[in-house]
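Results of the structural survey
Listed below are the residues making up each chain.
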Amino acid sequence: VQLVESGGGLVQPGGSLRLSCAASGFTFSYYVMNWYRQAPGKERELVAVITSGGGYTNYAGSVKGRFTISRDNAKNTVYLQMNSLKPEDTGVYYCNCNVLGRPYWGQGTQVTVSS
């Protein structure tokens, strides 16, 4: 299993970013996919979840209405569209899945929201 995130960067408050996570090594379309983030000095937190077919999503309260998780099973890729970004959204964003009871993580992509 391999998960590779991309799309992070530096953005001003109120701006947008789209993160991508390319998956390989397992049957992507079978599994729930998650985005987590970890801010400096804080624990990793769950940001968004999407079911295998994409029909159900859920979000942390702090990002609801601003972030959108989606997936393209034909491309083995999950996305996180982030709008109206705030400084408190700063952190490393990780893609995650649990395959056969084992958690897998990408290397993370840094998102910095600052003026």
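Residues numbered from 1 in each chain as written. Predicted model: local features only at pLDDT ≥ 70, side-chain atom pairs only at ≥ 80, totals over all residues. Heavy atoms only, no water.

Before going further, it helps to examine the overall build of the chain. A tally of regular secondary structure across the chain gives 0 helices and 11 strands. In the chain, the succession of α and β elements from N to C terminus is β-β-β-β-β-β-β-β-β-β-β. The C-alpha atoms of the chain give 13 Å as radius of gyration, which agrees with the globular expectation for 115 residues (13 Å, within 12%). C-alpha atoms of the chain, sized along the principal axes, occupy 40 × 25 × 20 Å. Classification of the 115 residues of the chain by burial places 43% in the buried group. When contacts within the chain are restricted to residue pairs at least 6 apart in sequence, those whose partners lie at least 24 apart make up 51%. Surface exposure of the chain reaches about 5,900 Å², of which carbon and sulfur atoms provide 48%. Computed over 10 positive and 6 negative side-chain charges, the separation of the two mean positions in the chain equals 4 Å. (Helix = DSSP H or I, 4+ residues; strand = E, 2+ residues; numbered from the N terminus. Rg over C-alpha atoms; globule rule 2.2 N^0.38 Å. Buried < 20%, exposed > 50% of the residue type's maximum accessible area, 1.4 Å probe, protein only. Contact = heavy atoms within 4.5 Å. Areas by Shrake-Rupley, 256 points an atom, 1.4 Å probe, with all protein chains shown as cover. Lys, Arg positive; Asp, Glu negative; His and termini not counted. Charge placed at Lys NZ, Arg CZ, Asp CG, Glu CD.)

Next up on the list: the sheet that holds strand E1 (residues 2-6). Strand pairing within a sheet occurs via backbone hydrogen bonds; the two strands may be parallel or antiparallel. Here 4 strands make up an open sheet; going across it, the order is E1-E3-E8-E7 and the pairing antiparallel. At either margin of the open sheet sits one strand with a lone partner, and together these are E1 and strand E7 (67-72). For this sheet, the mean inter-axis angle between neighbouring strands, taken without regard to orientation, is 15 degrees. In this sheet, strand E8 (residues 77-82) lies alongside strand E3 (residues 17-24) in antiparallel orientation, the contact comprising 6 bridges. (Pairing = 2+ DSSP bridges. Axes fitted to C-alpha atoms, helices over the stretch in contact; angles between N-to-C directions.)

Next up on the list: the state of the cysteines. Counting across every chain of the model gives 1 disulfide. Of the cysteine sulfurs around Cys-97, a residue in no disulfide, the closest is that of Cys-95, at 6.6 Å. (Disulfide = S-S within 2.5 Å.)

Attention now moves to the nonpolar core. Core analysis: the biggest nonpolar cluster contains 30 residues, and Leu-3, Phe-26, Met-33, Trp-35, Val-78, Leu-80 and Met-82 have the highest contact counts within it. Contributing elements (two or more residues each) for this core: E3, strand E4 (33-38), strand E5 (45-50), E7, E8, strand E9 (91-99) and strand E11 (109-113). Sequence-distant contacts of Met-82, that is, excluding residues within four places in its chain, are made with Gly-15, Ser-16, Leu-17, Leu-19, Arg-66, Phe-67, Tyr-93 and Val-111. (Core = buried A, V, L, I, M, F, W, Y, C linked by side-chain atoms within 4.5 Å.)

Right, let's get into the packing of aromatic side chains. Given two aromatic rings, one states the distance between the centres and the angle between the planes to describe the pair. Under the counting rule described, the total for this entry stands at 4 aromatic pairs. Seen from their ring centres, Phe-26 and Tyr-31 are 5.7 Å apart, and the 65 degrees between their planes marks the pair as edge-to-face. Owing to a relative accessible area of 13%, Phe-26 belongs among the buried residues under this scheme. Between Tyr-36 and Trp-105 the ring centres are 4.9 Å apart and the planes differ by 65 degrees, which places this aromatic pair in the edge-to-face class. Linking Tyr-36 in strand E4 with Trp-105 in strand E10 (residues 102-105), this pair joins segments that are 69 residues apart in sequence. Here the aromatic cluster, defined as three or more aromatic residues joined through ring pairs, consists of Phe-26, Phe-28 and Tyr-31. In this structure, Arg-18 is placed above the aromatic ring of Tyr-79, and the distance from its NZ or CZ to the ring centre is 4.0 Å. Over the ring of Tyr-94 we find Arg-44, and its NZ or CZ is 3.8 Å from the ring centre. (Phe/Tyr/Trp six-rings, centres within 6.5 Å; stacked < 30°, edge-to-face > 60°. Lys NZ or Arg CZ within 6 Å of the ring centre and 35° of its normal.)

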